[in-house]
Amino acid sequence: MDEDDKPLVWLHGEVKTPPFSQEARIETGVLLRRLQQGENLGLPHSRAMPSIGAHCHELRVRDADKNWRIIYRIDDDAILIVEVFNKTTKATPDGVIDNCKKRLSKYDSDVKE
């Protein structure tokens, strides 16, 4: 990691094998590294998630039989990993969105203290 790279801050979830395949874990690592280096990822790798909040995105990783999603927020000083889940429906479940909002709210209030 270069000194200019943003650190990853894990609020919830992890990326390990299993349940991720080794290939999906490596792809996730490459995409997260690109984010740390300041690259803006677009489709098919990432899409904005304004329903969660400003600067929030969904990293999309296709695995053998799963569609992994990693909800993250780009802050000035870090990349926040908010949630990691296997997406099984077309829409992001309301429970996932609500949990992400709560985690970010708690993080933001803890940082200000």
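To start, this report covers the structure provided alongside it. Quick caveat, the model's predicted, so the values are computed rather than measured. (Residues numbered from 1 in each chain as written. Predicted model: local features only at pLDDT ≥ 70, side-chain atom pairs only at ≥ 80, totals over all residues. Heavy atoms only, no water.)

## A closer look at the packing of aromatic side chains
Point 1. Per the stated rule, a full pass over the model turns up one aromatic pair.
Point 2. Seen in terms of ring centroids, F20 and W68 are 4.1 Å apart; in terms of plane orientation they differ by 10 degrees. Their pairing is stacked. Placement of F20 in the loop between β1 (8-10) and α1 (22-36) and of W68 in strand β4 (residues 67-74) is noted, with a sequence separation of 48 residues between them.
Point 3. You can call W68 buried: its relative accessible area is 6%. (Phe/Tyr/Trp six-rings, centres within 6.5 Å; stacked < 30°, edge-to-face > 60°. Helix = DSSP H or I, 4+ residues; strand = E, 2+ residues; numbered from the N terminus. Buried < 20%, exposed > 50% of the residue type's maximum accessible area, 1.4 Å probe, protein only.)

## Notes on unusual backbone geometry
Point 1. A cis amide bond links L43 to the next residue, P44, at an omega of 10 degrees.
Point 2. With respect to the secondary-structure elements, P44 resides in the loop between α1 and β2 (46-48).
Point 3. Although it is not a glycine, H55 sits at a positive phi angle of roughly 65 degrees.
Point 4. Relative to the helices and strands, H55 is located in the loop between β2 and β3 (56-62).
Point 5. For H55, a relative accessible area of 55% gives the class exposed.

## Remarks on the sheet that holds strand β5 (residues 79-86)
Point 1. The strand order across the open sheet built from five strands is β1-β5-β4-β3-β2, with neighbouring strands paired in mixed fashion. Edge positions in the sheet fall to β1 and β2, since each has one partner strand and no second. Within the sheet, the average angular offset between the axes of one strand and its neighbour, ignoring direction, is 30 degrees.
Point 2. Of the strand pairs in this sheet, β2 and β3 are connected by three bridges, and their pairing is antiparallel. Bridged to A48 within β3 is H57.
Point 3. Most of the contacts of α1 go to β3, to which it runs at about 150 degrees, and overall it touches β1, β3, β4 and β5. (Pairing = 2+ DSSP bridges. Axes fitted to C-alpha atoms, helices over the stretch in contact; angles between N-to-C directions. Contact = heavy atoms within 4.5 Å.)

## A short note on the environment of L32
Point 1. Relative to the helices and strands, L32 resides in helix α1.
Point 2. Owing to a relative accessible area of 5%, L32 belongs among the buried residues under this scheme.
Point 3. Setting aside its immediate chain neighbours within four residues, L32 contacts L8, W10, L59 and I81.

## So, the side chain of D63
Point 1. Structurally, D63 is set in the loop between β3 and β4.
Point 2. It is K66 that comes nearest to the buried, bridge-free D63 among opposite-charge side chains, at 6.5 Å.
Point 3. Of the polar contacts made by the side chain of D63, one reaches the side chain of S21; its length is 2.6 Å.
Point 4. Apart from residues lying up to four places away in sequence, D63 is in contact with P19, F20, S21, A24 and W68. (Lys, Arg positive; Asp, Glu negative; His and termini not counted. Salt bridge = Lys/Arg side-chain N within 4 Å of Asp/Glu carboxyl O. Polar contact = N/O pair within 3.5 Å; in protein donor to acceptor, adjacent residues only side chain to side chain.)

Keep in mind these numbers describe shape, not what the thing actually does.
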